[in-house]
Amino acid sequence: FVGWVHSTGITPLLGPGPCFHWKEHLTQAAARKIRISLDLNHRPALGTLEKLYEIVEPHLKDCEVVILSVVQVAGLIHLLGLAKDAPVPHTPERPQDLDDSDEGPWIACLAAL
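Worth saying up front: this structure is predicted, and the values here are computed from it rather than measured. (Residues numbered from 1 in each chain as written. Predicted model: local features only at pLDDT ≥ 70, side-chain atom pairs only at ≥ 80, totals over all residues. Heavy atoms only, no water.)

### Here's the deal with a nonpolar patch on the surface
On the surface, a cluster of nonpolar side chains totalling about 270 Å² of accessible area is made up of Leu79, Leu80 and Leu82. Among the secondary structure elements, leucine 82 is positioned in the loop between α3 (70–79) and β4 (106–110). (Patch = residues over 30% accessible without salt bridge, like charges linked within 9 Å, V, L, I, M, F, W, Y side chains within 5 Å. Areas by Shrake-Rupley, 256 points an atom, 1.4 Å probe, with all protein chains shown as cover. Salt bridge = Lys/Arg side-chain N within 4 Å of Asp/Glu carboxyl O. Helix = DSSP H or I, 4+ residues; strand = E, 2+ residues; numbered from the N terminus.)

Structural data, given as structure tokens:
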């Protein structure tokens, strides 16, 4: 018995093959009523937040937990036009560009059950 499956937003941006299998594993988990958690884990070097959201959005309805950084939340607010004055977030390109403010906190958003 599998109770949970965890996925990352890195995989669908790695190419067409990984993206196909990423979508398929989420679709199969949802069909089998397996709980899904998703860490968006956006990496700008792999693609834009807009492209990642385009891939992830259809699957969000099946996720019980979505993990986002504060930078990712700000980016989605900006991308979705939820706040006209939302600042454009800064996402470091390399781990060494992180400072204390970029380390977190992380936000886990629980879907309605």
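Here the narrative resumes.
### Structural notes on the nonpolar core
Ranked by internal contacts, the top residues of the largest apolar core, which has 19 residues, are Trp22, Ile36, Leu40 and Val56. Mapped by element, the contributors of at least two residues to this core are α1 (16–31), β2 (35–39), α2 (49–56) and β3 (65–69). With residues up to four places along the chain from it excluded, the contact list for leucine 40 reads Gly9, Ile10, Leu49, Leu52, Val56, Ile67, Leu68, Gln72 and Leu76. (Core = buried A, V, L, I, M, F, W, Y, C linked by side-chain atoms within 4.5 Å. Buried < 20%, exposed > 50% of the residue type's maximum accessible area, 1.4 Å probe, protein only. Contact = heavy atoms within 4.5 Å.)

### What about α1?
Taking 1.5 Å per residue as the helical rise, α1 with its 16 residues ought to reach 22 Å, and the 22 Å between its terminal C-alpha atoms agrees with that figure. All buried positions along α1 are accounted for by Cys19, Trp22, Leu26, Ala29 and Ala30. Seen along its axis, α1 keeps its buried residues to an arc of 100 degrees; they face one direction. For α1, the exposed residues lying more than 90 degrees away from the buried face are Pro16, Phe20, His21 and Ala31. Buried residues in α1 make contact with β1 (4–8), β2 and α2. Backbone geometry just downstream of α1 places lysine 33 in the positive-phi region, at approximately 60 degrees. (Expected span 1.5 Å × (residues − 1). Arc of directions from axis to C-beta.)

### What to know about the side chain of serine 37
The residue serine 37 is located in strand β2 in this model. Beyond its immediate sequence surroundings of up to four residues, serine 37 is in contact with Trp4, Val5, His6, Ser7 and Val65.

### Side note on the pattern of salt bridges
Here the structure, examined in full by the defined rule, presents three salt bridges. Its salt-bridge partner being arginine 35, residue glutamate 64 comes within 3.3 Å of it at the nearest N-O pair. Residue glutamate 64 is found in the loop between α2 and β3, and its partner arginine 35 is found in strand β2; the two are separated by 29 residues along the sequence. Across the salt bridge formed by aspartate 62 and lysine 61, the nearest N and O atoms sit 3.3 Å from each other. Of the residues examined, aspartate 62 reaches a relative accessible area of 27% and is grouped as partly exposed. The exposure class of lysine 61 is exposed, given its relative accessible area of 66%.

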